[in-house]
Structures are given as C-alpha cells and as structure tokens.
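# Descriptive analysis of the structure
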Amino acid sequence: MFLERSITQISDFMVYLVSSSIAAFVARLLTHPLETVKIRIQSGTIPGHPTNPFGVFFWMIEHEGWLSLFSGLTIALIFSVPALVTYITTYDTLKPYVAEGLGFDIINPLVHLLCGAIAEVVSNIFWTPMEVIKARQQVSKTPVSAIEMINKIYAAEGTAGFFRGYLLGVAVYVPHSMIFFLAFEQIKIFFIRTLNIPDNTSLPVWSVMISSIIAAATGAAASNIVDVVKTKWQIAGRELALKVSGFQNSNDGLLSDSLNYGTLEQNSIFVEEGSFSVVQKEKSQFFNMLLLMWKDGDFLTGMTARVLWIVPSATIFFTIDELLKGWWIKGF
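Conventions used here
Residues take numbers from 1 onward in each chain, read along the sequence in its written order. Predicted model: local features are reported for residues with pLDDT of at least 70 only, side-chain atom pairs are reported and counted for 80 or more only, and whole-chain, interface and lining totals are derived from all residues. Derived side-chain values reflect all non-hydrogen atoms in the structure, with water molecules and hydrogen atoms excluded from consideration. Stacked, edge-to-face and tilted labels apply to pairs of Phe, Tyr and Trp rings (six-membered ring for Trp) whose centres lie within 6.5 Å, assigned for plane angles under 30 degrees, over 60, and everything in between, in that order. Secondary structure counts use DSSP, requiring at least four H or I residues in a row for a helix and at least two E residues in a row for a strand, with both numbered from the N terminus. Buried residues are those whose accessible area, probed at 1.4 Å on protein chains only, stays under 20% of the maximum for their type, while exposed residues exceed 50% and partly exposed ones sit between those limits. Only buried Ala, Val, Leu, Ile, Met, Phe, Trp, Tyr and Cys residues count toward a nonpolar core, and they belong to the same one when joined by side-chain atoms within 4.5 Å. Whether two residues are in contact is decided by their heavy atoms, any of which lying within 4.5 Å being enough. Whenever Lys or Arg places a side-chain nitrogen within 4 Å of a carboxyl oxygen from Asp or Glu, that contact is recorded as a salt bridge. Excluding any residue in a salt bridge, patches collect residues exceeding 30% relative accessible area, merging like charges within 9 Å and nonpolar Val, Leu, Ile, Met, Phe, Trp and Tyr side chains within 5 Å. Under the convention used here, a 1.4 Å probe and the Shrake-Rupley method define accessible areas, while residue burial counts only the protein chains that appear.

### Things to note about the packing of aromatic side chains
The relation between two aromatic rings is expressed through the spacing of the ring centres and the mutual angle of the planes. Scanning all chains against the criterion turns up 12 aromatic pairs. Ring geometry for Tyr-87 versus Phe-181: centroids 5.6 Å apart, planes at 45°, classification tilted. Of this pair, Tyr-87 sits in helix α3 (residues 73-102) while Phe-181 sits in helix α6 (residues 166-194), placing them 94 residues apart in sequence. Accessibility assignment for this pair places Tyr-87 and Phe-181 in one class, buried. Between Phe-180 and Phe-181 the ring centres are 5.3 Å apart and the planes differ by 80°, which places this aromatic pair in the edge-to-face class. This pair shows no difference in class: Phe-180 is buried, exactly as Phe-181 is.

Below, the structure is given as structure tokens:
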C-alpha cells in the first residue's frame with residue numbers, strides 16, 4: 001500500500017514538473033514584452049514618465065527598437081522556468097498534505113490560501129535574483145547582457161545584491177498568490193459543479209481561461225502598490241556600492257536618474273563607519289524613497305500595465321498546465 005502510494009506521488013510530481021516547465025517557458029516567452037513595459041512605467045525611465053502602456057509600448061519600438069521589449073528575456077527564461085516549476089509544484093504537491101494535516105477537504109479555501117503562501121515564499125528564492133537582474137537590464141539606457149549585469153551587481157553589492165527586495169517580493173506576491181489561488185480554485189469548483197464534471201476529468205479550456213483571467217486580474221490589482229515599491233527598490237541599487245565600484249553613470253543600468261534617493265556625498269561618511277551604518281543608511285534611503293513616492297503619487301503607477309501583463313501570463317501558464325495535467329490523467 002505504501003509502495004503504491006509512493007509510486008503515485010512520484011508519478012504525480014513528475015506530471016507537475018513537466019507540465020509546469022512547458023507552461024512556464026511558453027508563458028514567459030509570449031508575455032515578456034508586456035512585463036518590460038510594466039517595468040519601464042513603474043521605474044519612470046521613459047521621458048515624460050507616461051503611464052499609458054500602449055503609448056510606452058510603441059515609444060519603445062520607435063526610439064529603442066522592438067528588441068528592447070525583450071531586454072532581460074534570457075535571464076527571465078533561465079530563472080522563471082525553475083521559479084514557476086517550484087511555485088506550482090510546491091502548491092500542487094502540498095495541497096493533499098496540508099488538507100490532511102488540518103483535517104480539511106482539499107477544496108477548503110484555507111488549504112488554497114496556505115499552500116499559495118508557502119509556494120510563493122519558496123519560489124521567491126528564484127524570483128528575486130531574476131527580478132533584480134532582469135529589471136536592471138530592462139531599464140538600462142544602453143544594451144547590457146545578462147552576464148555583464150550579473151558582474152556589475154556582484155561587484156557593486158555582492159551576493160546580497162541579487163536578493164535585494166526579497167522580503168518586498170514576498171510582501172507583494174504572497175497576498176497575490178493567496179488571492180489568486182483562492183479565486184482560481186473556487187471558480188474552478190463552481191464550473192465543476194455547474195457543468196457536472198466527473199472525477200478525473202479535466203475542465204473545458206474556456207472555463208480554465210475564465211478562472212485564470214478573473215483570479216489574475218484580482219490578484220494583480222490588489223498587490224500593485226507593493227509591487228511598485230519593490231520594483232523601484234530593486235532597480236535603485238546602493239549608492240555606497242556605486243561609489244566604491246565606480247558605477248556613477250545611470251546608463252549602466254544599476255541606477256536610474258528617477259531613482260536617485262541619496263547623493264554620493266551623503267553616503268561617503270559611511271565608508272568609514274562600517275557595515276552597520278551602511279545598513280542604517282540603506283534603511284533611511286528606503287523610507288526616503290517611500291516618502292518621495294507618496295509625494296509624487298507613484299503607488300498606483302503601472303497598475304493597468306501590471307494587469308495587462310499578469311492576466312495573459314497567468315492565463316497562458318495555467319491553461320497549458322491544466323491541459324497537460326488533464327491529458328495525462330486521460331492517458332493522452
């Protein structure tokens with residue numbers, strides 16, 4: 001009995017792994033330009049700081065070329081596939097264990113909320129380095145390869161620089177994931193009951209798409225404020241690190257003019273005061289950034305662009321993922 005259960009668990013895990021890998025690759029490839037537009041709007045690196053995603057899209061094509069829309073794609077594919085695989089596999093694998101541990105049915109909303117939160121915390125180990133490297137490539141005024149950007153970040157900030165904004169990422173995406181999976185699963189349950197879908201039978205494609213669209217739009221809009229803060233903080237880089245490493249030109253992609261929340265002169269004193277003062281200064285810069293964002297009304301910046309990116313991305317990912325898992329259940 002134990003052996004049979006173990007074989008089934010291993011088989012299910014491999015299904016989750018393969019289906020989520022394929023879905024992650026396709027979703028990222030097709031929607032990356034939409035995320036680039038979102039990043040450019042949130043970072044304020046387009047002249048005049050426009051917020052219309054369609055205007056930014058065509059401005060980038062006209063002034064920077066269509067390839068600029070795919071800045072950071074390589075690093076995104078390298079990281080997003082394992083990140084999404086970790087994300088969805090953790091979620092799917094945990095559901096029966098969490099339900100059993102809590103004594104709930106697997107369709108209980110609390111199970112979806114808790115598993116979504118855990119999956120996000122775990123997968124952010126991959127998401128955060130990807131976001132840091134990719135976002136700085138996307139806002140760079142001159143083309144810079146992933147390897148060049150990795151070297152610059154490491155030289156300026158060390159290994160910790162790749163995990164800049166990890167807690168902010170968790171703060172953004174844990175609520176987003178909880179909202180998404182709660183809505184996604186409950187809408188699917190509604191369709192299963194309404195359409196009288198039997199066990200071990202996949203839902204129609206259109207119902208999965210509708211579930212994804214509603215859940216993704218709700219989660220994206222609800223978590224936009226913290227996402228803007230995270231994006232600006234990850235792109236900003238540390239002023240002290242820039243001084244020490246000599247990256248004082250915003251063209252290197254480490255620091256945008258619009259994100260300069262402190263001067264190098266103000267930071268020079270901290271070279272002699274040690275790492276504790278550096279941390280204290282960084283905290284001070286973070287709160288200064290929040291104050292400036294509040295003053296400039298930046299917290300809702302890019303909400304439309306974020307929804308326009310996350311909705312198709314999530315819809316493509318979960319539709320492909322559900323289809324592949326459904327085909328596996330039916331034995332292709």
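### Some words on unusual backbone geometry
Positive phi, normally seen in glycine, also occurs at Asn-196, with a value near 55°. For Asn-196, the location among the structural elements is in the loop between α6 and α7 (205-222). Residue classification places Asn-196 among the exposed residues on the basis of a relative accessible area of 65%.

### Examining the nonpolar core
Membership of the largest hydrophobic core comes to 38 residues, with the highest contact counts inside it found for Phe-180, Phe-181, Phe-317 and Phe-318. Mapped by element, the contributors of at least two residues to this core are α1 (2-43), α3, α4 (109-139), α6, α7 and α13 (303-329). The element contributing the most residues to this core is α3, with 10 residues. Beyond its immediate sequence surroundings of up to four residues, Phe-180 is in contact with Ser-212, Ala-215, Ala-216, Ala-314 and Phe-318. Among the nonpolar cores identified, the runner-up in size contains 8 residues, and Ile-75, Met-149, Ile-153 and Phe-162 belong to it.

### What to know about the pattern of salt bridges
For the structure on display, the rule yields 8 salt bridges. For the salt bridge of Glu-157 with Arg-164, the shortest nitrogen-to-oxygen distance reads 3.6 Å. Glu-157 gets classed as buried once you look at its relative accessible area, which sits at 8%. Judged by its relative accessible area of 5%, Arg-164 falls in the buried class. For the salt bridge of Glu-185 with Lys-188, the shortest nitrogen-to-oxygen distance reads 3.6 Å. Of this pair, Glu-185 and Lys-188 both sit in helix α6, 3 residues apart, which is roughly one turn of that helix. Owing to a relative accessible area of 8%, Glu-185 belongs among the buried residues under this scheme.

### Looking at a nonpolar patch on the surface
A surface patch of nonpolar side chains, about 550 Å² in accessible area, is lined by Leu-195, Val-205, Trp-206, Met-209, Ile-210, Ile-213 and Ile-214. Mapped onto the elements of the fold, Met-209 is located in helix α7.

### Digging into the environment of Met-60
For Met-60, the position within the fold is in helix α2 (residues 53-64). Its relative accessible area of 0% is what places Met-60 among the buried residues. Separated by 24 residues in sequence, Met-60 and Thr-36 have C-alpha atoms that sit 9.9 Å apart. In contact with Met-60, not counting residues within four places along its chain, are Thr-36, Val-37, Arg-40, Ile-46, Gly-65, Ser-68 and Leu-69.

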